[in-house]
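Examining the three-dimensional arrangement
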Amino acid sequence: MNGPISKYVGQSLAPRETPALIKGAGRFADDIKLDAPLYVGFIRSQVASAAIGDIEIEEAQGGEGVVAVHTGARMPALGELSVNPVIPLRTPLRFACLAQGSVTSIGQPIAAVLAESPAQALDAADLVYAELDEKSHTPKQIAAQSWRTGTPPQESAHSAACTVRHPRLAPSPMEPRAIAVRYIRKSASVTVYHSTQTPHRTRSELASILNIEPSRIHVIAPHVGGAFGMKASLYPEDVFAVWAAFHHKRDIRWTATRSDEFTSATHGRGITSSGTLDIDANGIFLSLSADVQAPIGPWLPNSALIPAWNAARILPTGYTVPHLDIKTRAIQNNLTPTGIYRGAGRPEANMLMERLIDKAARASGIDPFDIRRRNLLPPSALPHDTGTGNRLDSGDYARALDLLEKRSDYTRLKQDRHTRRAKGEHVGIGIAFYVEPSGSGWESARVTLNDNGTATVASGSSSQGHARETAYAQIAADHLSLPPDSITVLLSDTDTTPTGIGALASRSTAIGGSAVLEACQEIKHQQAKGAPYPITADIIYENKGQAWGYGAYLIQMSICADTGTPTIERAFCVDDTGVQVNPALVKDQIIGGFAQGFGEAMMEHIEFDGDGQLLTGSFMDYAMPRALDVPPLEMHSFESPSPMNTLGAKGVGEAGTIGAPAAILNAALDALAPMGVTDLNMPLTPCTLWSAMQKGQTT
Ligand code: SMO
């Protein structure tokens, strides 16, 4: 690390929050005690696209315990949710708490009941009748961007082409969305307990949408049971709950059911990418063209355009490609809105590249490790500006492949494959290199050192089960020369922490941790000047650019010849994580990401029918991996500090979701290559694989 002392950074200290959480003493939004709250029951659209006629609410109004029934038509005009314009948006999309005039997706709230108990709210919601006049919907392109560099090659030895369809996924954190609003009569203000990644954003967005002074909105994200990007933005349901608290001057609570989550929490992926990679006779990359189509929903959460942008601009990942022709398009449809989901376009960019490279390797007869090594940017080329606007910072990309080849005993794996194939088994090896840009921008930290040898670290970043409290205490302990136990870490409360961004884009340790480090250095500086206690440093830290984590995955897979059942026999990864603050937490992040990457590749798939009806609305139909489904992962890492932030950290939260699916898909295709199978769609269910084996060709 860049600092002088490193007693705690680099140590696997146990997460601070674990004892409370395993004792059941966690405090989630749904656990917050309110004063005689009203519970919200939403009446949701059963159709994907319709004009709203009459809404009959009289019967519901007479329901037991019902205090009010609200419809969009009678709500005041509210402001819009802001959208991060990473690619230019042609038509702004409306954001409404309750549908006004028309509905644009299944599950969209049309009306809301407020009642004295959750059961009464749901019962009364069933008594609302909305006349819906179904209409058709045509998907529309509403945002696009393209990049072109270099001159197209005159000729090439081989040309590889493929299309990858990423299944639409339900992020499914353990804790569904939840909001508890306490109304404070005396000050006509609210305290909002919100299950979110971005409490400061919740406050600023609520203030602008409801046109209320931010000082009247205090937001606390208590324990958050997972988020994965799905809780980085406000939902119509959240805005309604807070509006209702101000309107009725009462406490309000809404906790989503699992069914609510499948139909109306943002989905991830769903992107289709096509590409062509041209190589010369030595396997050197000459040209990459790519076309990304990203689905977006009828309304846009804050980061809705990020996947469309990342899936294209991260190309050509860590490789040298002289000619690029890359475009991305965001296509609006009337399905459940999409948003960022662990990786957010990074898995899609890396997947397209790694599929194309495997095809090129097969066409040219070059070993998959070798063709990658011949084309990865060498350390001497870094930092490197790509034709798609990225600055790749540092590291030794080929080292990740070298280590992977060694640690997995690749030569022996290949011999094993040869022997077993001769016996009629379907065995494949798949590898994938990946890059993981972690966010750019700023984060805040306020550190206070007291004369009794204790300190408080308050960060604008957040935590949703990452044990960030522990990591920040380690950083501060080193730089203030105190034991971690004497450091209190404050997060996720707009009253006790400085305004900040929150936890997303694998940015919190790299940027938030650097902010903590710099605040501690500022304290030291003030100490040296003899400043009186308590000494406080308030820092807004901005990184120099994205830190690019990277690494490589290898998967050995066998596929049952009779049933198509895939088995991942071995899984290896090598990650360059940058400086590790807490190696145990880094490992846990990689394992969690791997489980979700495995889920995408092997099991998960949200499906709608032709009318936009959700066919996978519960865990009976949507296969999320359980602990026993996920194979063990053999993990290796090394640390090249990123020059882009003071701490030298790189993001690792999304590593597994980014690297694993491409290696898994490449392994399945390698296993079935002898049968002539050249393309497969995820998830790789036994049915998909069995069907491909019958056809011996593209499915
Ligand atoms: S998908 Mo992440 O929370 O940026």
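Up top is the structure.
As the structure is a prediction and not an experimental result, all values here were calculated from the model. (Residues numbered from 1 in each chain as written. Predicted model: local features only at pLDDT ≥ 70, side-chain atom pairs only at ≥ 80, totals over all residues. Heavy atoms only, no water.)

Quick word on the pattern of salt bridges
Tallying each qualifying case throughout the model produces 31 salt bridges. The residue Arg373 makes a salt bridge to Asp370 at a minimum N-O spacing of 3.1 Å. Within this pair, Arg373 and its partner Asp370 are both found in helix H9 (residues 368–375), separated by 3 residues, close to a single helical turn. A relative accessible area of 23% means that Arg373 is categorised as partly exposed. Here Asp576 ties to Lys650 by a salt bridge, and the two come within 3.1 Å at their closest N and O atoms. Separated by 74 residues along the polypeptide, Asp576 in strand S26 (residues 566–576) and Lys650 in the loop between strand S27 (634–638) and helix H15 (655–672) bring together distant segments of the chain. The network of salt bridges with shared partners includes Arg44, Arg177, Glu237, Asp260 and Glu261. (Salt bridge = Lys/Arg side-chain N within 4 Å of Asp/Glu carboxyl O. Helix = DSSP H or I, 4+ residues; strand = E, 2+ residues; numbered from the N terminus. Buried < 20%, exposed > 50% of the residue type's maximum accessible area, 1.4 Å probe, protein only.)

Examining the sheet that holds S26
Taken together, the 4 strands give an open sheet; going across it, the order is S20-S25-S26-S27, and neighbouring strands pair in mixed fashion. The open sheet is flanked by strand S20 (426–437) and S27, the only strands paired with a single partner. Going from strand to strand, the sheet's axes swing by 15° on average, the running direction of each strand aside. As paired elements, S26 and S27 share 5 bridges and run parallel to each other. Looking across to S27, one finds that Asp576 is bridged to Phe638. Along the sheet face, helix H10 (residues 397–407) touches S20, strand S25 (548–559), S26 and S27 and points at about 30° away from the line of S25. Here helix H11 (residues 410–422) sits on the sheet and contacts S20, S25 and S26; the angle it forms with S20, its principal contact strand, is near 145°. (Pairing = 2+ DSSP bridges. Axes fitted to C-alpha atoms, helices over the stretch in contact; angles between N-to-C directions. Contact = heavy atoms within 4.5 Å.)

Some thoughts on unusual backbone geometry
Note: most residues except glycine have negative phi, and most peptide bonds are trans. Look at the link from Leu315 to Pro316: it is a cis peptide, with omega at 0°. For Pro316, the location among the structural elements is in the loop between helix H7 (306–313) and strand S17 (323–332). Look at the link from Met682 to Pro683: it is a cis peptide, with omega at -5°. Tracing the chain through its elements places Pro683 in the loop between H15 and helix H16 (686–695). Even without being a glycine, Ala36 presents a positive backbone phi close to 40°. With respect to the helices, strands and loops of the structure, Ala36 is situated in the loop between helix H1 (18–22) and strand S1 (38–44). Despite not being glycine, Ser172 has its phi angle at roughly 50°, a positive value.

Concerning the environment of Gly150
As for its placement among the helices and strands, Gly150 is situated in the loop between strand S7 (140–149) and strand S8 (158–165). Expressed as a C-alpha distance, the spacing of Gly150 and Gly65, which sit 85 residues apart in the sequence, is 68 Å. Among residues more than four places away in sequence, those in contact with Gly150 are Pro322 and His323.

Keep in mind these numbers describe shape, not what the thing actually does.
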